[in-house]
Amino acid sequence: MNASLFGSARAASSNLNGLAELLREAVVEVRSGDVGSGTGIIWGGAGLIVTNAHCVRRGSSVEVDANGKWREARALAYHPKHDLALIAAPSVSGPMLELRDPESLRAGELVFAHGHPLGVRDALAMGVIHTVARDRSKSPRWVVADVRLAPGNSGGPLVDAEGRLVGINSMVVNGLGVAIPSTLVHQFVERALSQRAA
Amino acid sequence: MAINARRRIPSSGIIWRDGVVVSASHTVRSEGEISITLPGGEPANATIAGRDSATDLIVLRIKGNASAKAAPRADASSLRVGTLVLAVGRPGKNVSASFGIVSAVGEGWRTWQGARIDRVLRLDLAVYDGFSGGPLVDAAGSVLAINNSALARGTPLALPAQAVDRVVDELLERGHVRRPFIGVAVQPVALSAALAKKHQLSGDGGLLIVSIADNSPAEKGGILLGDLLLEAGGQRLSRPDDLLDALSATRPGEGVSLKILRGGVLKTISITPTDRGEQE
């Protein structure tokens, strides 16, 4: 029995090594003005990056670091209420994470946060879904997870065990990590892009 | 296993090789003979074979012929972000454990006391009192690293077995880890382009000597305050770490040649570092 238990734990462990590598490809470090540094998620193939609004200082220049090289970026849109910002760094590319509908999340599900907490590059943290908080219209507003976050994790992905994006880590409340659901992030990007096109 | 060498709570250690125990140096306050509790719960005594404050490791030899077999090792391929791990401690009678993952792998990390560690593991798990010095094991129960919550002042770290082995070898052999020392404090400074061009120097910086320790090899060798260190042993110096790396590469008793700029003139001085590890 022990052998099979070890076997499955080992398989799970090597899946997580793969998950960590996928996430490292899909995120960048974001630096702007005097607000410290945060994490950004590559969104689609056109050099778009989503991060927290509080990681991008209005009126300041924005830089992103992918694979150890800092490049100029430009803020395209903000949504302060949802703490989201969309930035463009045309030369940056990477895989886009699949999205996970927060409606299907259940308390206790294993999740992972990726980011650069306290300047430590590409750190992974593990936790479980605590709850999905909803707004008045009952749609998901915050994903709350029992996962250890620190300054620098802001704007980084919260993913499920298959590497699908659950939300964007945004703050710590009472020791719990709070993320903006992937559905709101998707809406924000779609709206921002259609307004620019119009 | 547990080590009873400080007040309040015992600390954790691990049987690293048959009859040899490794733990975190800061948790072992006593010197001389130390009482330990073996994995089976039976008491034994051990003596200190050596300690290295820079990596915060201590090596103990178990006295008598108590049976103390080393735990199996994990292979280095497990040193990756995302690996599921258990931190195991024995702060007292019973074994306790904490479950988590390897959060990040730091390359070329230097402890605040100057030891260089090729790779250090940052952990996403809770480390409880008395866990420093205990093993970090992988899903198969093989030892990956030694936990330490003091090296980075509170954030949980682990030193990979390969790094521990190197320190253990040195401690068993000579009781301390060699740390070449010349006795200078330096500050990185930029070099003007004109100066660099005049002396045909590569790079654009050097290390300014801001203090020299009394009776140190640097003082005896004639280094002066205000000298600008450019090279050590043929290595260009632009950060203080570069000097530590160049010194670590020297062999015991061997001199290192330092290229310095003094009053606009290039000079070469040879200095034989002493071993600071021995004095600790």
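Residues numbered from 1 in each chain as written. Chains lettered and ligands numbered in written order. Predicted model: local features only at pLDDT ≥ 70, side-chain atom pairs only at ≥ 80, totals over all residues.

### Let's talk about the overall build of chain B
Here comes step 1: When its secondary structure is counted, chain B shows five helices and 20 strands.
Here comes step 2: Seen along its three principal axes, the alpha-carbon backbone of chain B occupies a region of about 70 × 40 × 30 Å.
Here comes step 3: Out of the 280 residues in chain B, the part that is buried amounts to 43%.
Here comes step 4: Here the contacts in chain B between residues at least 6 apart in sequence split such that 57% fall between residues at least 24 apart. (Helix = DSSP H or I, 4+ residues; strand = E, 2+ residues; numbered from the N terminus. Buried ≥ 20, exposed ≤ 12 C-beta atoms within 10 Å, placed from the backbone. Contact = placed C-beta atoms within 7 Å.)

### Some remarks on the overall build of chain A
Here comes step 1: The number of helices and strands found in chain A is two helices and 12 strands.
Here comes step 2: For chain A, the α and β elements follow one another from N to C terminus as α-β-β-β-β-β-β-β-β-β-β-β-β-α.
Here comes step 3: By the compact-globule yardstick of 16 Å for 198 residues, chain A fits well, its C-alpha radius of gyration being 17 Å.
Here comes step 4: Seen through its C-alpha atoms, chain A measures out along the principal axes to roughly 60 × 45 × 30 Å.
Here comes step 5: Counting across all 198 residues of chain A, residues that qualify as buried make up 44%. (Rg over C-alpha atoms; globule rule 2.2 N^0.38 Å.)

### Thoughts on the nonpolar core
Here comes step 1: Counting 111 residues, the largest nonpolar core has Ile41, Ile49 and Ala179 of chain A together with Val21, Val22, Leu144 and Val164 of chain B as the members making the most contacts within it.
Here comes step 2: Of the domains in this structure, domain 1 (2-62) and domain 2 (76-162) of chain B are the two that each give at least three residues to this core.
Here comes step 3: In contact with alanine 179 of chain A, other than residues within four places in its own chain, are Trp142, Val143, Ala145, Leu158, Val166, Gly167, Ile168, Asn169 and Ser170 of chain A.
Here comes step 4: With 19 residues, the next largest nonpolar core counts Leu228, Leu230, Ala246 and Leu258 of chain B among its residues. (Core = buried A, V, L, I, M, F, W, Y, C linked by C-beta atoms within 7 Å. Domains from an automatic or database assignment.)

### Considerations on the pairing of strand E7 (residues 84-89) of chain B
All names here are of chain B.
Here comes step 1: Among the six residues that make up E7, five are buried, leaving the element largely enclosed by the rest of the structure.
Here comes step 2: Direction of pairing for E7 relative to strand E8 (residues 96-110): antiparallel, over a ladder of six bridges. Within the sheet, the bridge partner assigned to glycine 89 lies in E8 and is serine 96.
Here comes step 3: Here E7 hands over to E8 after six residues, with glycine 92 in that stretch at a positive phi of 140 degrees.
Here comes step 4: Sheet analysis places E7 next to strand E10 (residues 135-137), joined by two bridges and oriented antiparallel. When the bridges of E10 are listed, alanine 87 appears paired with leucine 136. (Pairing = 2+ DSSP bridges.)

### Brief notes about the sheet that holds strand E1 (residues 2-4) of chain B
The strands that make up a sheet pair up through hydrogen bonds in the backbone, lying either parallel or antiparallel.
Here comes step 1: The strand order around the closed barrel formed by six strands is E1-E2-E3-E6-E5-E4 (chain B), and the pairing between neighbours is antiparallel. In this sheet, adjacent strand axes meet at a mean angle of 45 degrees when their direction is disregarded. (Axes fitted to C-alpha atoms, helices over the stretch in contact; angles between N-to-C directions.)

### A word on the pairing of strand E10 (residues 157-160) of chain A
Residues and elements named next belong to chain A.
Here comes step 1: By the bridge criterion, three bridges tie strand E7 (residues 110-115) to E10 in an arrangement that is antiparallel. For valine 111, the partnering residue across the bridge sits in E10 and is aspartate 160.
Here comes step 2: Pairing of E10 with strand E11 (residues 165-173) involves three bridges; the strand directions are antiparallel. Paired with proline 157 across the strands is isoleucine 168, a residue of E11.
Here comes step 3: The antiparallel hairpin formed by E10 and E11 contains four residues in its connecting segment, where glycine 163 sits at a positive phi of about 85 degrees.

### As for the interface of chain A and chain B
Here comes step 1: Chain A puts 17 residues into the contact, and the matching count from chain B is 14 residues.
Here comes step 2: Every element with two or more residues in the side of chain A that touches chain B is listed here: helix H1 (2-26) and strand E8 (123-134) of chain A.
Here comes step 3: A total of nine residues in the side of chain A that touches chain B trace back to one element, the largest contributor, which is H1 of chain A.
Here comes step 4: By residue class, the composition of the side of chain A that touches chain B is 11 nonpolar, two polar and four charged. (Nonpolar A, V, L, I, M, F, W, Y, C, P; charged D, E, K, R; others polar.)

### Let's talk about unusual backbone geometry
Here comes step 1: Positive phi values are uncommon outside glycine, yet aspartate 122 of chain A reaches one of about 50 degrees.
Here comes step 2: Within the secondary structure, aspartate 122 of chain A is located in the loop between E7 and E8.

### Topic: the environment of alanine 66 of chain B
Residue and element names in this part refer to chain B.
Here comes step 1: By the element assignment, alanine 66 lies in the loop between strand E6 (57-62) and E7.
Here comes step 2: A C-alpha to C-alpha distance of 9.3 Å links alanine 66 and asparagine 45, two positions 21 residues apart in sequence.
Here comes step 3: With sequence-adjacent residues up to four places away left out, alanine 66 is seen in contact with Leu38 and Ala44.

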